[in-house]
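Listed here are the chains, written in short residue letters.
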Amino acid sequence: MKDALGSVQSVLVLGGGSEIALATVRRLVTGRARTVVLGARDPERVRSEVDELRRAGAATVDAVRFDALETETHGAFVDDVFDRHGDIDLVLVAFGVLGEHAVSETDAEAALAVVRTNFVGAVSVLVPLAARLRRQGHGTIVVLSSVAAERARKSNFVYGASKAGLDAYAQGLGDSLAGTGVHVLVVRPGFVRSKMTAGLRPVPFATTPEGVAEAILDGVRRDAHTVWVPPFLRVVMFALRQLPRPVFRRLEI
Ligand SMILES: NC(=O)c1ccc[n+]([C@@H]2O[C@H](COP(=O)([O-])OP(=O)(O)OC[C@H]3O[C@@H](n4cnc5c(N)ncnc54)[C@H](OP(=O)(O)O)[C@@H]3O)[C@@H](O)[C@H]2O)c1
């Protein structure tokens with residue numbers, strides 16, 4: 001339960017090794033968060049982050065195995081986290097894969113890996129999560145979407161389609177949960193310099209995991225339903241969305 005000052009005290013991260021999520025959690029722990037659960041494919045790989053968060057003041061930091069692709073385990077995973085740690089104030093749905101578009105455009109298994117992780121895996125875990133949060137009567141779900149969700153571009157439409165599905169689902173979930181005390185915040189970053197984009201040429205106005213963390217925490221404080229990072233990408237993407245398809249098709253983006 002948030003404390004008397006409205007500060008988040010407990011956080012669950014799905015995609016516990018995400019640089020964006022970890023930047024957000026570091027700031028929460030520097031604030032008043034005391035319980036952190038990192039759901040990661042390989043909990044051993046977030047061991048140093050667990051130690052760091054403990055040193056920063058978190059009383060409980062738990063690294064638990066979570067794989068978005070193992071959808072049959074998601075219900076039990078959610079029950080286990082809530083049964084052992086009690087109320088969760090903030091859930092960060094931060095796992096995701098970019099894939100290699102040149103491969104996923106022509107290889108069905110590669111395309112399915114992106115869609116299964118980013119969309120199917122997220123829906124699978126959001127169903128039991130939303131049910132638990134609805135029951136507890138409060139909490140915020142932060143969903144890492146992307147500007148890529150706004151209009152699929154030919155250079156990464158598999159990833160874009162997976163995020164568009166996730167984004168639409170999260171918006172609908174937020175509308176459905178209105179009035180229950182549970183909020184959904186959809187976050188649409190542009191290019192973020194993290195391990196997901198390592199080796200890619202940064203586009204103009206690239207941001208950092210810390211920049212996204214700041215926008216997330218501001219959105220959570222305001223009970224916003226959508227944040228764009230940086231904010232003016234909202235205008236850019238609005239303009240791109242209006243372009244007639246023959247023009248959009250010719251753009252090398
Ligand atoms: N970076 C960007 O430019 C950007 C832009 C817009 C949106 N986003 C979105 O923001 C979110 C966080 O990205 P990030 O920049 O923080 O990238 P990141 O550091 O690469 O984090 C992505 C995380 O997803 C985890 N993951 C991948 N497949 C998984 C699976 N099957 N089950 C569980 N976890 C899985 C990875 O786990 P491992 O540590 O085990 O690999 C990694 O910790 C993602 O949803 C991404 O799509 C990123």
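Computed from a predicted structure; not experimentally measured. Chains are numbered independently. Their residues run from 1 in the order of the written sequence. Side-chain atom pairs in this predicted model are given and counted only at pLDDT of 80 or more, local residue features only at pLDDT of at least 70, and totals for whole chains, interfaces and linings cover all residues.

**Here we look at the site of the ligand**
Going by this rule: By convention here, the C-beta atom is placed from the backbone, and a residue is near a molecule or strand when that atom is within 6 Å of it. Amino acids outside the nonpolar list (Ala, Val, Leu, Ile, Met, Phe, Trp, Tyr, Cys, Pro) and the charged list (Asp, Glu, Lys, Arg) are all regarded as polar, and Gly is one of them.
What surrounds the ligand is a group of 27 residues, the closest being Gly-17, Ser-18, Gly-96, Ser-194 and Met-196. Its residues placed into classes, the shell around the ligand shows 14 nonpolar, eight polar and five charged.

**Side note on the packing of helix α1 (residues 19-30) against helix α7 (residues 209-221)**
Quick reminder of the rule: Structural elements are reduced to axes, namely lines fitted to C-alpha atoms, with helices fitted over the stretch in contact, and the angle between N-to-C directions of any two is expressed from 0 to 180 degrees. Under the scheme used here, helices are H or I runs from DSSP no shorter than 4 residues and strands are E runs no shorter than 2 residues, and both carry numbers assigned from the N terminus. Here is the rule for angles: anything less than 35 degrees is roughly parallel, anything more than 145 is roughly antiparallel, 65 through 115 is roughly perpendicular, and the remaining ranges are oblique. Should the near helix be turned anticlockwise from the far one by less than a right angle, the crossing is termed left-handed; should it be turned clockwise, right-handed. Contacts here follow a simple rule: the backbone-placed C-beta atoms of the two residues must lie within 7 Å.
Two elements in contact, α1 and α7, have axes separated by 8 Å at closest approach and are oriented at 60 degrees. Overall, the two elements α1 and α7 adopt an arrangement that is oblique. Considering how the two elements wind past one another, α1 and α7 form a crossing that is right-handed. Facing Glu-19, Ile-20, Ala-23, Thr-24 and Arg-27 of α1, the residues of α7 in contact are Pro-209, Glu-210, Val-212, Ala-213, Ile-216 and Leu-217. Classifying every residue of the contact of α1 with α7 by side-chain character gives seven nonpolar, one polar and three charged.

**Thoughts on the nonpolar core**
The condition is simple: Note on terminology: a nonpolar core is a set of buried residues of type Ala, Val, Leu, Ile, Met, Phe, Trp, Tyr or Cys, with members joined through C-beta atoms within 7 Å. In this scheme the burial state of a residue depends on its C-beta neighbours within 10 Å: 20 or more other such atoms mean buried, 12 or fewer mean exposed, and anything in between means partly exposed; the C-beta positions come from the backbone.
Val-93, Val-142 and Val-187 are the most contacted members of the largest nonpolar core, which has 61 residues in total. If we skip the residues at most four places from it in the chain, Val-187 touches Val-142, Val-143, Leu-144, Ser-145, Val-212, Ala-215, Ile-216, Gly-219, Val-227 and Val-229. Core analysis: the second largest hydrophobic core is formed by nine residues, Val-97, Ala-111, Ala-148 and Ala-164 among them.

**Regarding the sheet that holds strand β5 (residues 139-144)**
Filter applied, for reference: By this definition, two strands are paired if DSSP reports at least two bridges between them.
Spatially, seven strands are ordered β3-β2-β1-β4-β5-β6-β7 in an open sheet, and the strand pairing comes out parallel. At either end of the open sheet lies a strand with only one pairing partner, and these are β3 (60-65) and β7 (226-229). The average undirected angle you get between the axes of adjacent strands in this sheet is 15 degrees. With four bridges connecting them, strand β1 (residues 10-14) and strand β4 (residues 90-93) associate as parallel partners.

**Considering the environment of Asp-51**
Locating Asp-51 in the fold gives a position in helix α2 (residues 47-55). Residue Asp-51 is classed as exposed on the basis of its 11 C-beta neighbours within 10 Å. It is 8.2 Å that separates the C-alpha atoms of Asp-51 and Val-61, two residues lying ten residues apart in sequence.

**Looking at the pairing of β5**
For the record, the criterion: Orient the strands so they point away from the viewer, and a crossover whose first-strand-to-second-strand path over the helix runs clockwise is right-handed.
With six of its six residues buried, β5 lies for the most part within the structure. Side chains of β5 alternate between two faces, with Gly-139, Ile-141 and Val-143 and Thr-140, Val-142 and Leu-144 buried alike. Here β4 runs beside β5; their pairing, made up of four bridges, is parallel. Bridging from a neighbouring strand, Val-93 pairs with Val-143 of β5. Alignment of β5 against strand β6 (residues 182-189), held across six bridges, turns out to be parallel. Looking across to β6, one finds that Ile-141 is bridged to Val-184. The β-α-β motif built from β5, the intervening helix α6 (residues 157-177) and the parallel element β6 has right-handed crossover chirality.

**Remarks on the environment of Thr-140**
With respect to the helices, strands and loops of the structure, Thr-140 is situated in strand β5. Separated by 132 residues in the primary sequence, Thr-140 and Val-8 have C-alpha atoms spaced 9.5 Å apart. Not counting residues within four places of it along the chain, the set of residues in contact with Thr-140 comprises Asp-89, Leu-90, His-183, Leu-185 and Val-220.

**Concerning the pairing of β3**
Looking at chain direction, strand β2 (residues 35-40) and β3 are connected through six bridges and run parallel. Counted as the bridge partner of Gly-39 is Val-64 from β3. After leaving β2, the chain enters α2 and then returns to the sheet as β3, a path that is right-handed.

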